[in-house]
Amino acid sequence: MEKKEDYILECEGISKAFGGTQALSNVQLHVRRGEVHALLGENGAGKSTLMKTIIGLYKADAGSITFEGKPYSVKGPVEAIAAGISMIHQELNPEPFLSIAESIFLKRENTVGGVLLNKKEQNRRAAEILNKFDFPYGPKTLMQELTLAQVQMIEIIKAVSCDAHLIIMDEPTSSLDSEETEHLFRTIRELKDKGVAIIYISHRMDEIFEICDRVSVFRDGTFVNSCNLGEVTKDELISMMVGRNVANVFPKTDCEIGETVFKVENLTGNGFENISFEVHKGEILGISGLVGSGRSETMRAIFGLDKIKSGSMYLDGKKITNKSPRAAIKKGICMVNEDRKEYGLCLFRSIRENISLPNLPARQRGLLINQKREKKECGEVAKMLTVKAASIEHDGFSLSGGNQQKVVIAKWFMANPKVLILDEPTRGVDVGAKAEIHSLMCEFAAKGMAVIMISSELPEVMGMSDRILIYHEGKLNGEVLREEIVSGVMGQEKILAKEFGGK
Amino acid sequence: MAVKEEKKVLGVDRDKFRMFMGKYGIGVVLFIMIIVISIMEPAFRSAKNFINVATQVSINGMISYGMCLVITTGGIDLSVGAQLALVSCILGQFITNFGVNPFLACLIALLASTAFGFLNGFFVARFNMFPFVVTLSTQLIIRGLAQVISGGNAIPLTSETFQHIYSSKVGPIPLPIVILFVVTVIVYIMLHWTKFGRYIFAVGGNVHAAIASGVSEFWTKVGAYTISGLLAGIAGIIFTAKTSSAQSNIGIGYETDAVAACVLGGTSFAGGVATIPGVVMGIFIIGFIYNGMNLIGIESYYQSMTKGAVIIGAVLLDMVLNRKKG
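What you see is a predicted model; the values in this text were computed from it and never measured.

Some points on the environment of Glu259 of chain A
Residue and element names in this part refer to chain A. Take Glu259: it is sitting in the loop between helix H8 (234-242) and strand E13 (260-269). The exposure class of Glu259 is exposed, given the 10 C-beta atoms found within 10 Å. The contact partners of Glu259, leaving out residues within four places of it in the chain, are His280 and Lys281.

As structure tokens, then:
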């Protein structure tokens, strides 16, 4: 055992229950000064609950927290920041019309006599900090002009300027591309050298091995183990998380690939041009590329969410146009959007209502909904997709991210489409649910659907696809066949090189 | 593992208690109100008085259902009060001055209010304008039109056939209550048992998700506002039959009572959450506030103040019980 002073944060015996659910039971977490400490666990394992307890959003039912050797207890994030703990949330909500300087000094503005803002001084100080981080914009730039990665960087800069000794990062890379991720990692290393400790929550194993020093694993609200990352393997961590060995990470089964179902020719729209491809019955077509390379934009346009400028689409050999998602769904083209919160569910409504929403026209009895049939079929689909909820009458809010995603997939599964487009189907989803979604994709393909999957995770694209299309700056830059991956002709590096524009 | 704590309230499991109160809390408020007023004023308890209240609330009830649909799509309809005036003036002009058959006149009036409802929906859905702004403006247009039609004067309505809409009875039950009952059942079925109702919830709950699920935002919103116009029209007919006089200055502030009934009944201003049984209870709470205070003999100035206080209190109670945002 190390001496006590080595730890900047010690959580002991923390328990927290919500209603009847025990979210945390007697967990511990020890973080050392100047280390990057990974927190690993499936969705619902209790990671977020513990973090929210640390920054004072929740009050623990039992247990104690020691920060920098002193007992620590705060009533909310503001007090936590004052004590030296900042959290960078997964979903960033910047105020679009604030300037960078105003964002950084929000709620601790420079004032003259406590009333009037001293903008000049504030901008000067902000510029100083921004310079230190080599930030490409000045303090007067509005937040709305920044990319998501830059907004996140501002959050980090803000935390550092508040003199945070511990920064909690919740899935910081979930919406970053590889280049932005690299930049984030550089910043993390710099912070580490300055003695700042970081708690790093992520589902991406490779990142954890790259950037973190130690890891604590949680499962079902309990603490499993802490260890140095040099001493464990990926498989060991996964089995700690799920309590079982996940034998096959990608359950891709080979199914018979039939005739062409859907074809696009020279499709051009906002963010993509001259895209041509076809997808066959029973095929899983992977789409790879950097964030912003036009992958999602193409699919959104095909689904009727965005406009197509030119080009044509063919379904079963017939030329079609999709003016709205309604038209696309009618023809049998469905899409699981990458933005689950915005395009996925009506969170206030029940699981049943969400699943049946696009499927109501086919389930009418006269003017009314055939509620008996709706209940039965939704229950069956939810069960088949192993949506974890006490009943399908519960609302979307009560579900974890992975289960919300399963509900979204369930509604399209019920629609039984010819072409199913999945945009980042496993983003922010825990390991168990991820494997289940992967098997579902195989089942869909086996049923004869044509599946199109966009993913930013190369191992996922490579593990699941029969064929991969690679995007670079709005254009297709190559196609890779499954044989080439299995035989090892095309490796991860080569695909990545194509994503960056290489041949 | 820590032992799951069993917390009890009034001998019932706390979670179950909270779920019960979440669903029926407003009903409990209504029940307590009835008991309290009954103790203070025995005349309140009579069947005659209850029928009286139900007849009075039929007008606000009709408006409230339309308002409920519109609020559930994430909007608001401020034009309903003016719609009452327009319908009234059309009826007066056509029946008294033109001698048109009362039923035909009612049909014309309903067409007009429905058309304005459609117009509200069209502006909101097609141009993505704020419902508050659209209906605030059309309200002025509609009331102005009512004044033009009536020439600013009250037109007496002496047609007995027309007056019967308010005064005739089915057995012991006045016709307005029967109409309210029928409309309640229809609106209930529409919101809870049809595709259109689901689309209203979906558009109000998460418009992007609704569109991505193949729901037409345009037709759903237009539908809700159009129905609100139609129901305001029916309310206008009942109101005019009650007063036997067509006036362009009626219905002022009626949107407030309708919104109040919706909010009391658990309709969320954020959209996507509402139940018709809830709104029914909201309508009756508002009715009992007026009626109870009239019986007890409280001046109308204080009635208005009490109404405001009761609404804030009831919504606050509902939020505490449900632990949700209003």
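Focus: the interface of chain A and chain B
Interfaces are often sized by the amount of accessible area the parts lose when they come together. Tallying the contact residues gives 30 residues for chain A and 22 residues for chain B. Of all the secondary structure elements, the ones that give two or more residues to the side of chain A that touches chain B are strand E2 (21-32), helix H10 (325-331), helix H11 (340-343) and strand E20 (368-369) of chain A. Here the side of chain A that touches chain B is built from residues that sort into 15 nonpolar, 10 polar and five charged.

Remarks on the packing of helix H3 (residues 80-97) of chain B against helix H10 (residues 217-243) of chain B
Residues and elements named next belong to chain B. Their axes nearest at 8 Å, the elements H3 and H10 cross at an angle of 55°. Viewed along their axes, H3 and H10 adopt a mutual orientation that is oblique. Judged by the twist between their axes, the crossing of H3 over H10 is right-handed. The segment H3 lies against H10, with Val80, Gln83, Leu84, Val87, Ser88 and Leu91 engaging Ser228, Gly229, Ala232, Gly233, Ala235, Gly236, Ile237, Phe239 and Thr240. Within the contact of H3 with H10, the residues separate by chemical class into eight nonpolar, seven polar and no charged.

Side note on the sheet that holds strand E17 (residues 318-320) of chain A
Across a sheet, paired strands are connected by hydrogen bonds in the backbone, their directions being either parallel or antiparallel. Residue and element names in this part refer to chain A. Read across the open sheet, the four strands follow the order E14-E13-E16-E17; overall the sheet is antiparallel. Strands with a single pairing partner mark the edges of an open sheet, and in this sheet they are strand E14 (272-280) and E17. Ignoring strand direction, the axes of neighbouring strands in this sheet form an average angle of 15°. In terms of strand pairing, E13 meets E14 through six bridges, oriented antiparallel. Of the residues in E14, the one forming a bridge with Leu267 is Ile275. Together, E13, E14 and strand E16 (308-315) form the strand contacts of helix H9 (residues 295-302), whose direction differs from that of E13 by roughly 115°.

Calculation rules
For every chain, the first residue of the written sequence is number 1, and numbering continues from 1 along that sequence. Written order determines the labels here, with chains lettered from A and ligands numbered from 1. Under the rules for a predicted model, residues below a pLDDT of 70 receive no local features and side-chain atom pairs below 80 are neither given nor counted, while totals for whole chains, interfaces and linings still include all residues. Only DSSP runs of H or I reaching four residues or more are called helices, and only runs of E reaching two or more are called strands; each is numbered from the N terminus. Comment: burial labels come from other C-beta atoms within 10 Å of the residue's own C-beta, placed from the backbone, where a count of 20 or more is buried, 12 or fewer is exposed, and between is partly exposed. By definition, residue pairs are in contact when their C-beta atoms, positioned from the backbone, come within 7 Å. Under the grouping applied here, Gly and all other residues not named as nonpolar or charged are polar, the nonpolar ones being Ala, Val, Leu, Ile, Met, Phe, Trp, Tyr, Cys and Pro and the charged ones Asp, Glu, Lys and Arg. Axis definition: a line fitted to C-alpha atoms, over the contacting stretch in the case of helices. Angles run 0 to 180 degrees between N-to-C directions. Working rule for angles: under 35 degrees goes down as roughly parallel, over 145 as roughly antiparallel, 65 to 115 as roughly perpendicular, anything else as oblique. Here is the rule for handedness: rotate from the far helix to the near one, and if that takes an anticlockwise turn smaller than a right angle the crossing is left-handed, while a clockwise turn gives right-handed. What makes two strands pair is DSSP finding at least two bridges between them.

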